Each structure stands twice: as C-alpha cells, then as structure tokens.
Amino acid sequence: MKRTIQELICERILILDGAMGTMIQQYNLQEEDFRGERFAHVPGQLKGNNDLLNLTRPDVIQDIHRKYLEAGADLIETNTFNATSISMADYHMEAYVREINLAAVKIAREVADEYTIKTPDKPRFVIASIGPTNKTTSMSPDVNNPALRSMTYDELVVSYIEQIETLLTGGVDAILIETIFDTLNAKAAIYAAEEAMQRTNKQVPLMLSITVSDIGGRTLSGQTLDAFLASVQHANIFSIGLNCSFGARQLKPFLEQLALKAPYYISAYPNAGLPNSLGLYDQSPKEMAMQVKEYLDEGLVNIIGGCCGTTDKYIAEYPSLLNTAKLHVPATKPTNLWLSGLELLEVKSEMNFVNIGERCNVAGSRKFLRLIQEKKYDEALSIARKQVEDGALILDFNMDDGLLDAKEEMTTFLNLIASEPEIARVPLMIDSSKWEVLLAGLKCVQGKHIVNSISLKEGEAKFVEQARTLRSYGAAVVVMAFDENGQADTFERKIGICERAYRLLVDKLNYNPCDIIFDPNVLAIATGIEEHNNYAVDFIKATGWIKKNLPGASVSGGISNLSFSFRGNNYIREAMHAVFLYHAIREGLDMGIVNPATSVLYNDIPQDVLICIEDVVLNRRPDAAGRLVELAEQLKGATETVSAEAKHTAWRDLPVNDRLQYALMKGIGDYLEQDIQEILTQYPKAVDIIEGPLMEGMSKVGVLFGEGKMFLPQVVKTARTMKKAVSILQPIIEEEKQEGVASAGKVLLATVKGDVHDIGKNIVSVVMACNSYEIIDLGVMVPAETIVQKAIEAKVDMIGLSGLITPSLEEMVHVAVELQKAGLHIPLLIGGATTSKLHTALKIAPVYNAPVVHLKDASQNATVANKLMNLNNRKEFVEELNYEYEQLREKSNESKVISVSLEDARKNKLNLFD
Ligand code: THG
C-alpha cells in the first residue's frame, strides 16, 4: 500500500519540484507549438500560455516532470498555475479549462506512478498547482475609483471550483494554492477547494504558499504574515510556506517569522537568488543549495523546492543535503482569539480590554448616517480613521437603515477601507441584522474579521447553518443572547442561551471556541422602569459566568446602550460607561463597542458622582435612578453656563507641569509643542523634563493600568504621546550636549528578536546620550547573533536589551546564553514591560557570567551605567546585586515560584515605555 504524504512528512523532508516556466523556456517553443493545429483559429497570441501545452505539447510537460522526478522530487506540481477561466480569458480559452486541467493531471499522474513503481519506498505525489489568477479582489484597477473591483469574490470562487473539481476528479494527491499575493483571492481558493472536495467526495491535504512583495515581509495586498495566518485559520491546512519573491537567503527571515507562529508543516520554494539587471537568475545550483542547507539544518522546513530560475539541476542538489537535516516541528495551535486586518490582533487575557469603535454606525450616529446618505464617503472614512487614531483596536460598521441599500453601502464602504492602510490595519466588525449584508461584507475583506451577529432567534437549525457558513468564510462571530422567545434580560436567561449556543457550536459543529464572542445584551438602565434596574448587574454576572463555564469564548457588548436614558448628557453617559466597564472587565469582559474618543476615566469621577452612578449600575438602592437623574440635572445646570468647548479645555489653565501630565494621561498630542516650549524655561536641561514630569506621568499611567482603571488602548495612546514629547525634546537635547565632552562609555541598545516595541528603548537612548554615553541603537527585532557580533565589533561597555511582550523574556535568556558562548563579560541591562527583577535573577543572570541588571524604568539607566563604568563602584554594586538576586532565588524556591507570568510582572510593576 502506497504511503501517504501525511505519513511521510513525519519522517523526512519532502522535495518539491522546481519551476515549470523556467524549464519550458529551455525548450524554445514557438507560437506553433503552443497553438498546434487544433487552436489555429483562436485569435491573438497563444505563446506564453504555458498551461495550454498540456494539450498541444504533452510530451514537453511529461519530459519536465520526468526530469524533476529523476532529480529526486517527491512532489511534482501539475502544469495548471493559470488554468482557471479567469486567467484563461486573456487567451480566449475559458472553454478549455476542464480539458487543460484534466490533461495536466493525467500527464503528471502517469510519470509519478511510473517512478513510484520503480522505487516503492520513495512514493511520488502529484500536487495540484493553483495560482492566484491575474486579478485581485482586494484592490481597485482604477486609482480614481478605489471602491471598484475587476472581479468579485463570487466570480472567483466559481472559477476556482471549476478548476479544483477537475483536478480532484483527475486524481491529484494534494492541492497547493500558491504564489498568494492577495489574501482575499486565497480565501476564495480555499473556499472553492473545500467545496470541490465536498462535491467530489475526495479529501486531500491543502497546502498554501504565500509570496511576499517587499522587504517589509508583507503580501502585495498589504498583510503581514501573522495577519495572513489569522485570515486562513479556519481552513484545514496541511502546510504553509513561502515561494517566489526572493532567493533563499533573503527569504529566510520571513520564513522564520512564519514558522514561529504557523501551526502547520512549513514549505519553502525560493527563486534561484535575486534577478540580475536583465531579470535573469544567475545563482548557481550549488550556491542556492548552500543557502537552502541552512533551512534544512536549522529545522525550518518540511517541504523544500524551487521557484523562478530553478531547474532540475537545482533540485538535484537537494537529496544529498537531507542527511544533516532536522525536521521542522509545527508551532502549537493558538489558544486565544486571532483577528486581523492588515495586521494581527491577538486577543490575549493580559490585554484586559479591546475597544471596538462604534461611530461608523448609521443607527448610532446621526452624522455618519447623513454622510452615507449624501455619499460623502471621504468624510465618512475620516470618522473611521479618527477612531483608529483614538485607539480603537477594532471598528464596527453598520449600514442598517430603512432608506439605505445596506448591502450595497456595506460593500462600497468596506471596499473603500481596503485602500486606506491606516484604517485597514485593524480588524472590522461587520454589524447588521440582515444575513445578506453580513455575507456581502465578508466577501470584501481579506483579514479575519468579526460578524455581528447571529442568534437562536429563529431556532437551532438556522443558527447552526449560519454559523457553519460564517466559518467557511473565516470569520469570528458574535452570538447575541436571543432565542425563540426573544431577548435575554435576566442572568438565568442570558447564561442559558449562551450555554445552549456554545454546546451547539462546539459539540455539534466542532467550532473553535476562541472564535465565539458572546454578547449577553447591554440594556438601558435608570429608565424609570423597575424591571430594568438589575440589567447591568445581570450582564456583569453573566460575563463572569460565561468566562468561567464556556472556555475559550469571549464576551462583548454594546456599552453605549447602557445610558440611553441620559441622552444629551454626555458626561453622565461616559461616566456610567467607565463605571460599568470597570466592573464588567473585572468579571472578564473581553471587548466592547464604545466611543473610543471618550475621556472619562473611572478614577476621574468625583466621589459623590461615582457613588451615585455605582448605586445605579450595581443596583444598590431602589431610589438610585431618581438620585442620578437629579444629579445629572444639577451637573447639566452647572455645565450649561460653560460652553462645551470651554469645559473641554479647562485643563489648559493648569500649571504647565500638570498640563503635560494631563496630556500624557489622556493621550492628547495637540498642545505638546507649546507646552514643552513653556516648560523648557523652567528646567535647566531638556532631559530633566523627560526624567521629571514625563516619567512621573508615565508611572501614574502604570499604576492605573495595574489597577484595571485604564485599558490597554488608552495606555497605547499615552505611549504614543510620550513618544511625540520625546521627539520634540530630542533636537534640543542634541544641541545642549556639550561639544568635546569625553564619552562616558559605549552602549549597545536593541529590542530583542520577535519584538517590535521601541518607545522605551528610544527613551533610554535619549537619557543615556544626555549623560554623554555613545549609543549604538540596533533597532527592533534584533537577532542574538547580531547583538553579539556588534558588541564585539564596536567594543561596547554595556548592552541594553528591551522587550514588551512575554516571548521577549525567553529571547533575552537566549541572548545572554549567546553572549556567554562568545566568551564576553559585557554588562547587560534588562528593561521593558514584562521584564522583572525576579525573572532577571532567576533566568537571565544565572546563564551569563557578567553583571545583569534589571531596570525599572529609563530614569535608572544613567545611574546604573555610571556605577558599572566606575571600577571601584562596580565591585560593590555587583556584590550587592548578586546578594539581592541570591535572596530572590531562595525566596522563590521556598514559594515554588518557577516562572514569572505577565500577571506577576504587572502586579510588581509596569514599565509602560515599551
Ligand atoms: N451589541 C452588538 N452590536 C451592537 C450593539 C450591541 N451594535 C450597535 C450598538 N449595540 C452599539 N453601537 C452603538 C453606537 C452608538 C450609540 C449606541 C450604541 C449611541 N449613539 C448616540 C445616541 O444614540 O445617543 C448617537 C449620538 C450621535 O448621533 O452621534 O449611543 O449591544 N453586538
């Protein structure tokens, strides 16, 4: 019995063939070869229609397959890269698509089987080549009309089904969707592949291969590789990888990035180096093999082949490389919700809250409704853009209005957004009560988005059917707590419906629970109707219950619904939302549809108002609503005399120190220039402003975040403002630096590999430069090898490592190990959120025989550096440090603390700068 690809890939690396096009070129075929007698009548040129050769020169195609098999390929690809009706339309050959595909499989199948019979222990497989087509569904062909598309998702699906169904019928062993440059095209191909497998009742492995378009490592349609992974997460994928784009060397970092996160087998088939000025590939087979050997020896891949410029000579180099090869072990499956626009949004519990912008909703904003009615799309887009600027991590879109064609408006608007990278960066929430609008929306977007919403309103059968369909489009889904009896308004009804929905999705459909977002209905309180008084409490309690009992699922809600009865009093409304969120997030609320521009923080609410609101939200006394209404009236009276604008800018009258801190805490960048000019007169040196008031402001933010009184998006805004303040001060600091002052020492700074955060590192850089240190800044995502190499080259006195995310801790240990291996004794400074003294003492210091110092924030760096540079002080400092670390280690042994989680790090301290 012939062994399967699935079996073999566990045992060895499989060799895929090389380029078809490059090989065809070598046969020097002419127009007559392509056309044959049969297609003499077809107008236009047929030379270049390589897939047509399956019909007109099958001997050539067979010969090419044979050469690759002879070279050692386990997998050969059918000559069908362009054999879809869409691509074939260029040659007026749509009518021959089935015939071409069928012929292609037959040719490949025959030779592959011939070789399998010859060497049964090395079975050969036929892989269906599915190209991206010559059109894109994510971009407009007309710069003047960004909403236009040259083909629709549905047209593409139909075309792909025709091709893939034929290839499956012909007997391919796997499907390879390759050279993916547009994720929406790829999603259509995946959808078609699943449909075709159903129709033909043939299940084969699904392989994907992306091509990156620039050295930033994004697809042509702008997605990062991580975002791509989220987009295709719903599919049953066998392998994923990269092809084309670059040579093996240039492709390697992107392949590493992909392999780190992708829970699938990894494939790679690079070009034969970079093209020369004539567009030809002149890397030799030996040179390419040397570079590919690194992939194999480092355990980066499971499948290896070649793309543009490669021939059988290149593939023939591979078999002998396999002796030293290590099999790639796929990454573990994610255990949290993955969403994506152009970038990945991983909803982690440590983020504590994800805010979804509510403003692009025709039912929730009069202004947005008017703009859509008047087709003022540019202005409507500005509303979306502003929400992202205000920190929204997801955007909700709703076009449901009696007088609008919601389906058409949703399509137009989502197509427009696709050409706005600032907006398209984030995942979207497609919000409609109409099923056809939800589907139309999904057909426009390349990322992994949220559909809002479905429910049990019309019974189980419909619910299950809809959920199944949404999954096949790769969406996460909001499930509203509704059933056949209507909206759930009590705790029991809310949890009853959510549990029932969960069981249907998870048990019956085998849904990924992470893709379920429950909405237990935020309903208006303080309406004067007694039955409404416990609505908020019931929502909050239901949230806690769902988080405990329905593992993996998230909870969300439309927060502004809560305060409908206070329409017109925005302050009270925002304060109510802040209070509600504070309590709901403590129970585990993961996300909420909110106005991201809100500026009321839980902590800012005056005590008397807070008590009043908390009485209402937590339903603490029967007269709570009445009392809040009264208070609202008073507040309104008091504020009515002051114009809204004046109220908004009242903080401008504070002393400059407080103004700067206020701006920082609220993330307002607009007045930074003028305030910094003013405060400069009060401090002798510009750097003191960073070390003084700015740092102080950031520490306050850290404390509030730790207490759950600020959310991550607000913190991100804060950090952005800090960055701006530092960039204003930097040139002044440069000027102040005295010429001719001797260097205090040389410091290498880097954000470690896997991490892109650099605000903290940049601040450290500024502060240290002011203290006369020479800074070598290696930037972000710096691999350990580079750090070691540069440290030796530049003979630095100190190395500073920075990182924000949890995996960076591991990477810092890795850097320390590499420094040790290189025999270095250069002191190491550790900083950034998630780093901690405890982790440094337990994990980093023990592996490196040199001082390893954890720094709480950037203000400490210069002091510590001075101690390390002065040899007398250094000895004492290091002794103290070692003693402290020793104590920490002993203590942690006692309490059996083995690893430090982010939660611990957050409680101990929070360094927000990174
Ligand atoms: N759950 C889910 N989806 C939802 C909701 C929900 N989508 C819609 C809604 N509820 C959440 N979005 C909003 C948006 C705006 C307002 C409330 C909820 C709002 N708007 C002001 C008003 O009506 O007073 C409009 C003021 C203006 O015109 O600017 O309050 O619960 N899954």
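Residues numbered from 1 in each chain as written. Predicted model: local features only at pLDDT ≥ 70, side-chain atom pairs only at ≥ 80, totals over all residues. Heavy atoms only, no water.

1. Some details on the overall build of the chain
Stage number 1. The number of helices and strands found in the chain is 36 helices and 25 strands.
Stage number 2. Rg of the C-alpha trace for the chain: 31 Å, near the compact-globule value of 29 Å for 914 residues, within the 12% margin.
Stage number 3. Each of the three principal axes of the chain carries a C-alpha extent, and together these read 90 × 75 × 55 Å.
Stage number 4. Across the 914 residues that make up the chain, the buried fraction comes to 57%.
Stage number 5. At a minimum sequence separation of 6, the contacts of the chain that also span at least 24 residues come to 76%.
Stage number 6. Summing over all exposed atoms, the chain offers an accessible surface of approximately 37,700 Å²; the carbon and sulfur share of this is 51%.
Stage number 7. Here the chain holds 92 positive side-chain charges and 120 negative ones, and the gap between their average locations is 2 Å. (Helix = DSSP H or I, 4+ residues; strand = E, 2+ residues; numbered from the N terminus. Rg over C-alpha atoms; globule rule 2.2 N^0.38 Å. Buried < 20%, exposed > 50% of the residue type's maximum accessible area, 1.4 Å probe, protein only. Contact = heavy atoms within 4.5 Å. Areas by Shrake-Rupley, 256 points an atom, 1.4 Å probe, with all protein chains shown as cover. Lys, Arg positive; Asp, Glu negative; His and termini not counted. Charge placed at Lys NZ, Arg CZ, Asp CG, Glu CD.)

2. Digging into the sheet that holds strand β25 (residues 852-854)
Two modes of strand pairing occur in sheets, parallel and antiparallel, and in both the strands are linked by backbone hydrogen bonds.
Stage number 1. Taken in spatial order, the five strands line up as β22-β21-β23-β24-β25 in an open sheet, and their pairing is parallel. This sheet does not close on itself; its edge strands, each paired only once, are β22 (773-777) and β25. Neighbour-to-neighbour, the strand axes of this sheet turn through a mean angle of 25°, independent of strand direction.
Stage number 2. In this structure, strand β21 (residues 745-751) lies alongside β22, joined through five bridges in parallel fashion. (Pairing = 2+ DSSP bridges. Axes fitted to C-alpha atoms, helices over the stretch in contact; angles between N-to-C directions.)

3. Considerations on the confidence of the model for the chain
Stage number 1. On average, residues of the chain score 91 in pLDDT, and 96% of them are at 70 or above.
Stage number 2. Low pLDDT (under 50) marks residues 640-644, which in the prediction has one contact with non-local residues, meaning those over four places away or in another chain.
Stage number 3. With pLDDT under 50 throughout, residues 896-914 is counted as low confidence; its partners more than four residues away or in other chains account for 51 contacts. (pLDDT = per-residue confidence, 0-100.)

4. Topic: the packing of aromatic side chains
Stage number 1. One pass over the structure, following the stated rule, counts 14 aromatic pairs.
Stage number 2. Taken together, a centroid distance of 6.5 Å and an interplanar angle of 45° make the contact between Tyr377 and Phe413 tilted. Remark: Phe413 occurs in helix α16 (residues 406-418) and Tyr377 occurs in helix α15 (residues 377-389); sequence separation between them is 36 residues. The pair formed by Tyr377 and Phe413 is uniform in burial state, with each residue classed as buried.
Stage number 3. Between Tyr502 and Phe518, the aromatic rings sit 6.5 Å apart at their centres with planes inclined by 40°, giving tilted as the arrangement. Remark: Phe518 occurs in strand β18 (residues 516-519) and Tyr502 occurs in helix α20 (residues 491-508); sequence separation between them is 16 residues. Judged on exposure class, the residue Tyr502 and its partner Phe518 are both buried.
Stage number 4. Chaining the aromatic ring pairs together yields one cluster made of Phe368, Tyr377, Phe397 and Phe413.
Stage number 5. Just above the ring of Phe491 sits the side chain of Lys541; from NZ or CZ to the centre is 4.5 Å. (Phe/Tyr/Trp six-rings, centres within 6.5 Å; stacked < 30°, edge-to-face > 60°. Lys NZ or Arg CZ within 6 Å of the ring centre and 35° of its normal.)

5. Points about the sheet that holds strand β7 (residues 265-271)
Stage number 1. The eight strands are arranged β1-β8-β7-β6-β5-β4-β3-β2 in an open sheet whose pairing can be described as parallel. For this open sheet the edge positions go to β1 (14-15) and β2 (75-77), each flanked by a neighbour on one side alone.
Stage number 2. Examined bridge by bridge, strand β4 (residues 174-180) and strand β5 (residues 206-210) share four bridges and lie parallel to one another. In the sheet register, Leu176 faces β5, and the bridge partner there is Met207.

6. Re the pattern of salt bridges
Stage number 1. Inspection of every chain in the model, using the stated rule, returns 49 salt bridges.
Stage number 2. A salt bridge links Asp74 to Arg12; the nearest nitrogen and oxygen atoms lie 3.2 Å apart. Of this pair, Asp74 sits in the loop between α5 (58-71) and β2 while Arg12 sits in the loop between α1 (5-8) and β1; the two residues are 62 residues apart in sequence, bridging distant segments of the chain.
Stage number 3. Here Asp74 falls in the buried class, since its relative accessible area comes to 1%.
Stage number 4. For Arg12, a relative accessible area of 23% corresponds to the partly exposed category.
Stage number 5. For Asp400, the salt bridge goes to Lys434, with nearest N and O atoms at 3.8 Å. Taken together, the residues Asp400 in the loop between β12 (394-398) and α16 and Lys434 in the loop between β13 (428-431) and α18 (435-442) connect sequence positions 34 residues apart.
Stage number 6. Residue Lys434 is classed as partly exposed on the basis of its relative accessible area, which comes to 32%.
Stage number 7. If you follow the salt bridges from partner to partner, you end up with Arg652, Arg659, Asp675 and Glu678 in one network. (Salt bridge = Lys/Arg side-chain N within 4 Å of Asp/Glu carboxyl O.)

7. So, the packing of helix α21 (residues 535-549) against helix α22 (residues 570-586)
The geometry of a pair of packed helices is captured by two quantities: the angle between their axes and the separation between those axes.
Stage number 1. One way to put it is that α21 packs onto α22 with a least axis distance of 8 Å and a crossing angle of 30°. By the angle class used here, α21 and α22 are roughly parallel. Taken as a pair, α21 and α22 cross one another with a handedness that is right-handed. On the side of α21, the interface is formed by Ala536, Phe539, Ile540 and Thr543, while α22 contributes Phe580, His583 and Ala584.
Stage number 2. Counted by class, the contact of α21 with α22 contains five nonpolar, two polar and no charged residues. (Parallel < 35°, antiparallel > 145°, perpendicular 65-115°, else oblique. Left-handed = near helix turned anticlockwise from the far one by under 90°. Nonpolar A, V, L, I, M, F, W, Y, C, P; charged D, E, K, R; others polar.)

8. Focus on the site of the ligand
Stage number 1. Contacts to the ligand come from 18 residues, most closely from Asn452, Asp519, Asn561, Arg567 and Arg573.
Stage number 2. The separation between an oxygen atom of the ligand and a polar main-chain atom of Arg366 is 2.9 Å.
Stage number 3. The separation between an oxygen atom of the ligand and a polar side-chain atom of Arg573 is 2.8 Å.
Stage number 4. Protein chains bury 83% of the 670 Å² of accessible surface belonging to the ligand in isolation.
Stage number 5. Listed by contribution, the elements that provide at least two residues to the shell around the ligand are β11 (354-361) and β15 (476-480).
Stage number 6. Among the elements that make up the shell around the ligand, the one with the highest residue count is β11 (three residues). (Near = heavy atom within 4 Å. Polar contact = N/O pair within 3.5 Å; in protein donor to acceptor, adjacent residues only side chain to side chain.)

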